[in-house]
Amino acid sequence: MLTVRAPATSANLGSGFDVFGVALGTPADVVRVERAPETTISVTGTGSQYIPEDPKANTVGAVAEALDAPARIRIDKGVRPSSGLGSSAASAAAAAVALNELYDRGLSRKELVPIAAEGEALVSGEAHSDNVAPSILGGFTIVTDDGITQVDASLPVVACLPETTVSTRNARRVVPQEAPMGDVVDTVGHAATLAVGMTRDDPDLVGRGMADAIVTPKRTALIDGYDRVREAALAAGATGVTVSGAGPGVLAVCHRTDQPAVAAAMIDAFDDAGIESRAYQTTVAKGAQIC
Ligand code: HSE
């Protein structure tokens, strides 16, 4: 028997749509695996009632098949599904790391990323690595067609999750197919600023680099209360605020001393919009760990 904890993640970070991602210290999924003649899956924890246990319909079942690693798999969900924190990616990442070890497949962490992404495609409709890469590798990741770049980082963040859901499929429908060159130029500048900020664990640079005029404004329209939550977080000291992944989670970057005030401001602002929420005060953190 083997147990792996894989963290929630936040993809995009505003300017890095489908490219940037970070691993978060909390929450996380825990996956236990043991060899079995065929794969069976059981799911407990937050939102488990929404997750199919049929291996053909579950991200983790697809990972077991891709690794030719049949197992009895128990998933304890800490990352709420459809929250914008890479819930299916966390399960897929944990399963990939666990089954690779259980069956001694010898794949590197980077080699496990596309395998876990295929599993996630079952849920989102497309294979994105921008959540599975940070969940497996940790820190800040840049995923492009040419490969994955990873740097360790430990920046303070607040991830605020409203009690609403946005499906990734719907959030992808609103992404524009074209953008004005001026917005593209701005976004390249912001993305570069953010990447440098991550290498320095600098909340000011990262916050400034989160600005995005192309995808984020389309997505915020799907999140009730977003504008007031963003304003409240900035007023409380956040250096940058954006949609986490496909939403509805909202990610704020800040200095450590401002974290409690930013978290409280975000919860209060959602509350003012009539929406309950919870906030994780955490940091950019390590990837999946064998327990
Ligand atoms: N980059 C993806 C998106 C993350 O924003 O749609 C969710 O899988």
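This is a predicted model, so every value here is computed, not measured.

**Focus on the sheet that holds strand 9 (residues 250-253)**
To summarise the sheet geometry, strands pair through backbone hydrogen bonds and adopt either a parallel or an antiparallel arrangement. Pairing is antiparallel in the open sheet, where four strands are placed in the order 8-9-7-10. This sheet does not close on itself; its edge strands, each paired only once, are strand 8 (240-243) and strand 10 (277-283). Neighbour-to-neighbour, the strand axes of this sheet turn through a mean angle of 20 degrees, independent of strand direction. Lying over the sheet, helix 9 (residues 226-235) contacts strand 8 and strand 9, oriented at roughly 160 degrees with respect to strand 8. Helix 10 (residues 259-272) contacts strand 7 (156-162), strand 9 and strand 10 of the sheet and is inclined by roughly 15 degrees relative to strand 7.

**Some details on the packing of helix 9 against helix 10**
The geometry of helix 9 relative to helix 10 is characterised by a closest axis approach of 8 Å and an angle of 155 degrees between their N-to-C directions. Viewed along their axes, helix 9 and helix 10 adopt a mutual orientation that is roughly antiparallel. The handedness of the crossing between helix 9 and helix 10 is right-handed. Here Arg228, Val229, Ala232 and Ala233 of helix 9 come into contact with helix 10, specifically with Val262, Ala265, Met266, Ala269, Phe270 and Asp272. Residues of the contact of helix 9 with helix 10, tallied by class, amount to eight nonpolar, no polar and two charged.

**Here's the deal with the pairing of strand 1 (residues 2-11)**
Buried residues dominate strand 1, accounting for nine of its ten residues. With nine bridges connecting them, strand 1 and strand 2 (residues 20-35) associate as antiparallel partners. What sits directly across from Ser10, in strand 2, is Val22. Two strands pair when backbone bridges link them, and strand 1 and strand 11 (residues 289-290) are joined in this way by two bridges, in the antiparallel orientation. Within strand 11, the residue paired with Arg5 across the bridge is Gln289.

**Some words on the site of the ligand**
In the region of the ligand, the neighbouring residues are Ala11, Asn12, Phe17, Asp18, His128, Asp130, Asn131, Thr168, Arg172, Arg219 and Gly245. A distance of 3.4 Å separates an oxygen atom of the ligand from a polar side-chain atom of Asn131. Against a free-state accessible area of 260 Å², the protein chains account for coverage of 97% of the ligand. Here the shell around the ligand is built from residues that sort into two nonpolar, five polar and four charged. Each of domain 1 (2-151) and domain 2 (156-283) contributes no fewer than three residues to the shell around the ligand.

Procedures and definitions
Residues numbered from 1 in each chain as written. Predicted model: local features only at pLDDT ≥ 70, side-chain atom pairs only at ≥ 80, totals over all residues. Heavy atoms only, no water. Pairing = 2+ DSSP bridges. Helix = DSSP H or I, 4+ residues; strand = E, 2+ residues; numbered from the N terminus. Axes fitted to C-alpha atoms, helices over the stretch in contact; angles between N-to-C directions. Contact = heavy atoms within 4.5 Å. Parallel < 35°, antiparallel > 145°, perpendicular 65-115°, else oblique. Left-handed = near helix turned anticlockwise from the far one by under 90°. Nonpolar A, V, L, I, M, F, W, Y, C, P; charged D, E, K, R; others polar. Buried < 20%, exposed > 50% of the residue type's maximum accessible area, 1.4 Å probe, protein only. Near = heavy atom within 4 Å. Polar contact = N/O pair within 3.5 Å; in protein donor to acceptor, adjacent residues only side chain to side chain. Areas by Shrake-Rupley, 256 points an atom, 1.4 Å probe, with all protein chains shown as cover. Domains from an automatic or database assignment.

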